[in-house]
Every structure is written in C-alpha cells, then in structure tokens.
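In case you want the letters, here they are:
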Amino acid sequence: MSIEIINVTKTFGNYTALNNVSLVIPDGKLVALLGPSGSGKTTLLRIIAGLDVFDANPKSDIRFKGKSVIGHRIAERQVGFVFQHYALFRHMNVYQNIAFGLKVRRGKNWMPRQQIRERVTELLHLIQLDNLERRYPDQLSGGQRQRVALARALAIEPQFLLLDEPFGALDAKVRQNLRRWLRQLHEQIKLTSVFVTHDQEEALELADEIVVLNQGKIEQEGTPDEVFHEPKSAFVMDFLGSVNLFHGRIEGASVIFDSKTAGHRPIFVRPHEIDLFPENPNTGGLPTKVRRVQLAGSIVKIELQDESQREIFVELSHEKYNVYNFGIGDTVFAVPQRTVVFAEYYSI
Amino acid sequence: MRLPGFRLTFGFTVTYLSLVVLIPLSLLVWHTFNLTFTDFINTVTSRQVVASYRLTFTATLLAALTNAVFGFMLAWSLVRYRFPGRRFIDAIVDIPFAMPTAVSGIALTTLCANTGWVGYYAEKYLGWQLAYTPTGVYIALTFIGLPFVVRTLQPALEDLDKDVEEAAEALGATRFQTFRRILFPAVLPALLTGFTLAFARALGEYGSVVFIAGNIPFSTEITSLLIYTKLEEFEYPKATAIALVMLVASFFSMLFINLIQWYTSKNN
C-alpha cells in the first residue's frame, strides 16, 4: 500500500471529473489507469502528483506510504512525472535536461558537479542514449525524447513514477518497442509506477494491474487477465477489446436470438468467441450475410450483417477460415461459444 | 529539392530593396561627396554634433533598456494574469504606435514641463527638471519604444508551455529558478527582438522628442534635429554627412544586437 487514494472527488464547476474514488496502488507495481477521454484518469494522476488539488472534504485523503500528503506540492511529494508531450526544456541539451533536477538543489541537498555527472551518465546509459548528451530536444526522435523525459524524472530519485499517456504521441512501431523497453526497465528498477492510457492494448501488455475508469468512477480494478476475462460491467467488456451485442435468451448451452418476446437480455460476445457454420447447426445459429473479409494479419477478421442490418464482428484463425472459405454475400450462421450477460444494462 | 520561383522572388526582392532602401541610401553617400574630406570631418566631429551623438545614443540605449525591463513586466502581467481592465490596458499599449509623434511630443511636454502634472511635482519634491533636459529626451524615447517590446514578447509568453513549468516544479525548482532557467531563456530571443526594435525606433525618432527636448545646443539636441536644421539652412551635404555617420553607427549597433540574438537563438 504505497499510494492510497481515499474518497477523492474533483469537480470543475458543474463537471465532476472524479466521483468519490478510492484506490490503493501496491508497492513495486506498474499500474495502468485506463479509460476513455473524460473518464478522469489524467485528473487522478495529476492529483496524485500534486499538480491538481481535489475538492476539500474531511473524508478525502491521499497517503504516500501511510502519510498524508495533502497540501504538499509536487516537489515535496518526490514523484517523477513524465508529461504526455515530454515537456523537455528546449534550450537545454539532453545532459542539461536530465541534470536540471539535481542542479537546482540548494542547501543541504546541494550536489557537487562531479556527482551530478556520474548520476546523469548512469541515467543516459539506462535510457540507452549514451552518445547523445549534447543533442537538443529538437534533434531527437519522439521515442528518444520520451526516454530523456523519463531519465529526467528518474534523476531526482523519486518515490513513485507517474506517466501521463507516455506513448500517446508516438507512432505504432516506436510505441511497441518503447513499451517493451519500459516494461524491462520497470523490472530492473522496481519503482512503483502509475501510467495513464486510453489504449487498452497498452494497458494489457504493460501493466501489473489495471484500473478501469469511466465517468469519474472506477469500474473495475485487477490484473490484465481479470479485467479482460472477467469484466464486471458491460463498459469494461466493451472497452477492453471489441465486443458484439446480441439480444435474446440463454437456454442451457444455447442462445435463442430473439429481441421481440419479453424477457430478452443483452448478450455480449467477443469476436474470437463466435463460430461460423455454412449450415444452420442443431443448437441454433443466427443467420447472417458476409460483408467483408480481412485476411491480412494473424487472424481473419470477418464483418457480418444480420437480418436487422446489425453488424457483427468475428475473428477466426486462418485454419478455420480455410475450411469453409466464405465469400462476400454468402449466408453463414453465427454461434456464440462464450457469452457474457450483465445484470445492469449498458448500451454500446 | 529546389523550390520553383527562386529567380522571380529574388529579382523582386532585389528590385524592391533597391527602390526603397539602397537608392535613397546611396544618394546619401553621393550627396556627401560634395564636401571635401576636411569639411566632412569638421562637420561630423564638430562639438555640437558630437554632443548630439552622445545624447542620442545614451538616451536611446537607456530608453530601450528601460522598455526591455518594464515592457517585459507589462507583457508578463497581460499574458499571465486575468484581472479587470486587462483588455483596456492591452489596448493602451498601442497608443504610442498609433498617435502622431508630434501629438505625443506635445502631450509629454505639457505633462513634464514645470507647470504640468508630473513636471511640477518632480521639480518641487525631487528637484528634477524633466522637460527641456536630456531626461525629457529619455522620457519621449521610452514612450515611443514601449509597444515594440510588449508586442513582440506577448506571443512568446503565450507560447510558453504549462507542462514545461510544471516539469520544472516537479523536479524541485523554485519559482525563481523556474523563471530564471526555464521561462526567461525561452523568451529571451523575443525580448532581444523587442529591444532591437525599440532601439532602432528611438535612434531615428524626431517628432516626439523635439518638443520635450527644448533643443538646447550641446545639451538637448538630438542628431535627427541637427540634420533637420542643416537641411533648413540648405546645407544639404552637411546634413547628409551627419546622416551618413548615423547610418553607419546604427548599422553597427544593429549588427551587434543581431549577433547577440543569433548567439542566444543558437542555443534555443
């Protein structure tokens, strides 16, 4: 329990960015705050950092290692903060950027020049930019800038590392590499870290724990496995990967597709948990027409349309697809293999 | 890649520059050749003229420096704070731009003369005479230069990234350290540009100065005034001779400031 957030609410005028959020960030873990824009994830991160202040309330508190940090500014909280757009100092080179947090120390914390050099050299090595210390931010690629921003945040030996959409401004390939690198770095230095993202794939791949936020509330928290396979709400199910919505009843092992009679419910099925048959099987399938087949990629993505013009997305392995080999316009029968039904209705 | 249209653009640039700048300036040199070398030296180094150079350059430099400091503060307040009347003050900054210089000159003289609102108290309590002294010249030059600094700094200050300031704060920098090491260096090139513009404007200023200066020989005569006086006396070659010296001097001042600017922006 290294960071505790207790009953935190934040409003901007009439708008509630965070609604009574409580959360514990465990020690040494890499935690993702995941949610769509406007879910309050960045606000929560900024409140943890001390860049924003939550609404005053005697029941609210933020504790670092058991001690309240209310009223502490970001510098006192000793957190490393990595900004979405890096926020590097443009008139300083890489070395000066990383050294900044050490050079501004005064009084008993003052650091001799030699010691600063050692620390910065160490960090440059850590971010694998040993030879670029004289470069200016404008002369670096996006991925390099992000790593410099990270090294700069780490230079002050923070208790926690907070990252705001760390890969948001990078292109797909660089993002993947940097993600893997950050994961390795985390395993190496074991610093409790929180990062904000709207990209579910990033959260699933990188985090030890995921906190899913929606409209200022925590929808679910758990390991990537838990939130993906056991979503507690339709929102989480929908947000973590694509999902199909059917209406009907579940009777035993089979699904009766029926949106007309009373008692039908929304049924959620992931695209890879639907099977397709050219003939209607005994268990009863939903008749659909093939609209589009995307063969490029590790799986085959198929777009179907049912009689009420609703779109259904299915993912099949290439092997399975090759057995039936549907063409566009063919009629196929969709049979869900695994369904999820939530008590609470949520429309997508 | 070669951009098309280079010849046309270059040709146009050279023609325009020649018409507007180079031809008038070469006439300046041409006219000066009507003087013998001795006459030229005597004209440009006469005690009265030398006194005017000293006044012009000192007052201009001081005025531009004052504007750099207070213009910075003004631009800072206008950009960073929200207060009632901000837009009004913002509009007022343009007045020295918009007002005919003679009007500014007369207004300032009225204000600073020992019967004026400011001049009266300055003399009574501080013993300072403002109008008809070098101080008056300085006041006029400060007045006309202010908008240059404010208007060049404003966009630069608005462009400052909130993130960058927060980053400095997160790294433990105090507000002063953040200002001195992050914000100030970021707007320094703009500040230098504003300073240069204010300096250049003040160097050649005539209208607003002549009223408040009183034009006392050896004391409050600016160089532009001497040139004008020579013209009125139909001493064209002498007028152009003084103008030529001013031209060369301002060229080197500008060159010097530009070198500083180049040096600072190189590190940006």
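Residues numbered from 1 in each chain as written. Chains lettered and ligands numbered in written order. Predicted model: local features only at pLDDT ≥ 70, side-chain atom pairs only at ≥ 80, totals over all residues.

Residue and element names in this part refer to chain A. Within the fold, Pro287 resides in strand 15 (residues 286-294). Along the backbone, Pro287 and Val335 are 48 residues apart, and their C-alpha atoms lie at a distance of 9.4 Å. Setting aside chain neighbours within four positions, we find Pro287 in contact with Glu307, Thr331 and Phe333. (Helix = DSSP H or I, 4+ residues; strand = E, 2+ residues; numbered from the N terminus. Contact = placed C-beta atoms within 7 Å.)

Next up on the list: helix 3 (residues 94-103) of chain A. Working note: α-helix, 3.6 residues per turn, so residues spaced by three or four point in the same direction. For helix 3 of chain A, a buried count of eight out of ten residues is recorded, marking the element as mostly surrounded by other parts of the structure. At its buried positions, helix 3 of chain A is contacted by helix 4 (113-126) and helix 5 (142-155) of chain A. (Buried ≥ 20, exposed ≤ 12 C-beta atoms within 10 Å, placed from the backbone.)

Let's shift gears to the sheet that holds strand 4 (residues 61-64) of chain A. All names here are of chain A. Taken together, four strands build an open sheet; the order of strands is 2-1-4-5 and the sheet is antiparallel. A strand with exactly one partner marks an edge of an open sheet, and here the two such strands are strand 2 (15-25) and strand 5 (67-68). By the bridge criterion, seven bridges tie strand 1 (residues 3-12) to strand 2 in an arrangement that is antiparallel. Counted as the bridge partner of Ile5 is Leu23 from strand 2. Those strands touched by helix 1 (residues 41-49) are strand 1, strand 2 and strand 4, and its axis lies near 120° from that of strand 1. (Pairing = 2+ DSSP bridges. Axes fitted to C-alpha atoms, helices over the stretch in contact; angles between N-to-C directions.)

Residues and elements named next belong to chain A. Relative to each other, helix 4 and helix 5 sit at 140°, their axes nearing to 10 Å. Between helix 4 and helix 5, the angle is such that the two are oblique. Of the two possible hands of crossing, helix 4 and helix 5 adopt the one that is right-handed. Contacts between helix 4 and helix 5 involve Arg119, Val120, Leu123, Leu124 and Leu126 on the former and, on the latter, Ala151, Leu154 and Ala155. Looking at side-chain class alone, the contact of helix 4 with helix 5 contains seven nonpolar, no polar and one charged residues. (Parallel < 35°, antiparallel > 145°, perpendicular 65-115°, else oblique. Left-handed = near helix turned anticlockwise from the far one by under 90°. Nonpolar A, V, L, I, M, F, W, Y, C, P; charged D, E, K, R; others polar.)

What follows covers the interface of chain A and chain B. On the side of chain B, 16 residues touch chain A, which itself brings 16 residues to the contact. For the side of chain A that touches chain B, the secondary-structure elements that each account for two or more residues are helix 2 (74-77) and helix 3 of chain A. Partitioned by chemical class, the residues of the side of chain A that touches chain B number ten nonpolar, three polar and three charged.

A few words now on the domain arrangement of chain A. One frequently used descriptor of interface size is the decrease in accessible area upon assembly of the parts. Considered domain by domain, chain A is made up of domain 1 (3-239) and domain 2 (244-336). A separation of 41 Å is found between the C-alpha centroids of domain 1 of chain A and domain 2 of chain A. (Domains from an automatic or database assignment.)

Further remarks concern helix 4 of chain A. Residues and elements named next belong to chain A. Between the first and last C-alpha of helix 4 there are 20 Å, a value that for 14 residues agrees with the 20 Å anticipated at 1.5 Å per step. Burial in helix 4 covers these residues: Val120, Leu123 and Leu124. The buried residues of helix 4 occupy one face: seen down the axis, they fall within an arc of 100°. Exposed and oriented more than 90 degrees from the buried face of helix 4 are Gln114, Gln115, Glu118 and His125. Buried residues belonging to helix 4 abut helix 3 and helix 5. Two residues or fewer after helix 4 comes Gln128, characterised by a positive phi angle close to 60°. (Expected span 1.5 Å × (residues − 1). Arc of directions from axis to C-beta.)

The subject of this paragraph is the nonpolar core. Residue and element names in this part refer to chain A. Judged by nonpolar contacts, the single largest core of 96 residues is most densely connected at Ala32, Ile48 and Leu162. For this core, the element with the most residues is helix 5, which contributes seven residues. Each residue touching Leu162, except ones within four places of it in the same chain, is listed here: Leu45, Ile48, Ala49, Val79, Gly80, Phe81 and Val194. (Core = buried A, V, L, I, M, F, W, Y, C linked by C-beta atoms within 7 Å.)

A word on unusual backbone geometry. Most peptide bonds adopt trans geometry, and most residues besides glycine take a negative phi value. Residues and elements named next belong to chain A. If you check the backbone angles, Asn20 has positive phi at about 50° while not being a glycine. Topologically, Asn20 is positioned in strand 2. Residue classification places Asn20 among the partly exposed residues on the basis of 15 C-beta atoms within 10 Å.

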